[in-house]
Amino acid sequence: MPCRPQIRKLDALSVRNKEEAVAFLVQAPSVITAAGSPPKTIEEFVGLASDGSRAVSIARMRSPAGWSEPAQTPAFDEYTLVLAGEVHVEQERETLVVRAGQAVRVPAGERVRYSTPGGADYVSVCLPAFSPDLVHREEG
């Protein structure tokens, strides 16, 4: 009988017990109500709302033209990869225009306001995972 290599499966999101962790397929995202208007669609594949992960959240955003949200000062790093359209990232000193095929990193503690004047489809990754308690949105 031929020797079969031993395959060890790891869930990259779990660091608690790597010996027992296994990779898993995310069948479908959790759809989350988004802040701002007009309404945008958030599909969270990994994170507190979908699988309970506190380490990271990964979500696809489908944002209509004219969408914007209140300013925030989140306690997490946020990485945004724009797939289509453009995302405007307003900071204290400047507004970055992130176009399809580009990405931006906003570090924790940075006051920021996101908008999509022409609409956009993008992926957001937050470390640690997005949570209403960590986003620190301003009123209005």
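Computed from a prediction, not measured in an experiment: that's the story for all the values here.

### Points about the side chain of Glu78
Within the secondary structure, Glu78 sits in strand S5 (residues 77-90). Buried charge without a salt bridge: Glu78, with Lys40 as the nearest opposite-charge side chain at an N-O distance of 6.9 Å. Polar side-chain contacts of Glu78 include one of 3.2 Å to the side chain of Tyr114. Discounting chain neighbours no more than four positions away, the residues touching Glu78 are Gln72, Val104, Arg105, Val106, Tyr114, Ser124, Val125 and Cys126.

### Quick look at the packing of aromatic side chains
On inspection of all chains with the given rule, the structure shows one aromatic pair. Residue placement shows Lys40 over the ring face of Trp67; its charged tip is 4.0 Å from the ring centre.

### Quick look at the pairing of strand S2 (residues 41-46)
Bridging between strand S1 (residues 30-33) and S2 involves four bridges; their strand directions are antiparallel. By the bridge assignment, Val31 is partnered in S2 with Glu43. Of the strand pairs in this sheet, S2 and strand S3 (residues 57-63) are connected by five bridges, and their pairing is antiparallel. Paired with Thr41 across the strands is Arg62, a residue of S3.

### Comments concerning the layout of surface pockets
Space inside the largest pocket adds up to approximately 430 Å³. Of all the elements in the fold, those that place two or more residues in the lining of the largest pocket are S1, S2, S3, S5, strand S9 (120-127) and helix H1 (132-135). In the lining of the largest pocket, the residues fall into 16 nonpolar, six polar and five charged.

### Quick word on unusual backbone geometry
With an omega dihedral of -5°, the bond running from Ser37 to Pro38 counts as a cis peptide bond. Turning to its location among the elements, Pro38 is positioned in the loop between S1 and S2. Of the consecutive residues Leu127 and Pro128, the connecting peptide bond is found in the cis state with omega at -10°. Note that Pro128 resides in the loop between S9 and H1. For His136, which is not glycine, the phi dihedral falls at a positive 55°.

### Section: the pairing of S5
Here eight bridges tie S5 to S9, and the two strands are oriented antiparallel to one another. Counterpart to Val82 in the pairing with S9 is Tyr122. When S5 meets strand S7 (residues 103-106), the two strands line up antiparallel, connected through four bridges. Each bridged residue has a counterpart across the sheet, and for Leu81 the counterpart in S7 is Ala103. Pairing analysis gives five bridges linking S5 to strand S6 (residues 95-99), with the strands arranged antiparallel. What sits directly across from Glu90, in S6, is Thr95. Relative to strand S8 (residues 113-116), S5 runs antiparallel, the two being bridged by three bridges. Bridging from a neighbouring strand, Val89 pairs with Tyr114 of S8.

Procedures and definitions
Residues numbered from 1 in each chain as written. Predicted model: local features only at pLDDT ≥ 70, side-chain atom pairs only at ≥ 80, totals over all residues. Heavy atoms only, no water. Helix = DSSP H or I, 4+ residues; strand = E, 2+ residues; numbered from the N terminus. Buried < 20%, exposed > 50% of the residue type's maximum accessible area, 1.4 Å probe, protein only. Lys, Arg positive; Asp, Glu negative; His and termini not counted. Salt bridge = Lys/Arg side-chain N within 4 Å of Asp/Glu carboxyl O. Polar contact = N/O pair within 3.5 Å; in protein donor to acceptor, adjacent residues only side chain to side chain. Contact = heavy atoms within 4.5 Å. Phe/Tyr/Trp six-rings, centres within 6.5 Å; stacked < 30°, edge-to-face > 60°. Lys NZ or Arg CZ within 6 Å of the ring centre and 35° of its normal. Pairing = 2+ DSSP bridges. 1 Å grid on protein atoms, 1.4 Å probe; cavity = no way out; pocket = protein on both sides within 12 Å on 5 of 7 lines; lining within 4 Å. Points joined across faces, edges and corners; volume = space filled by probe spheres on them. Nonpolar A, V, L, I, M, F, W, Y, C, P; charged D, E, K, R; others polar.

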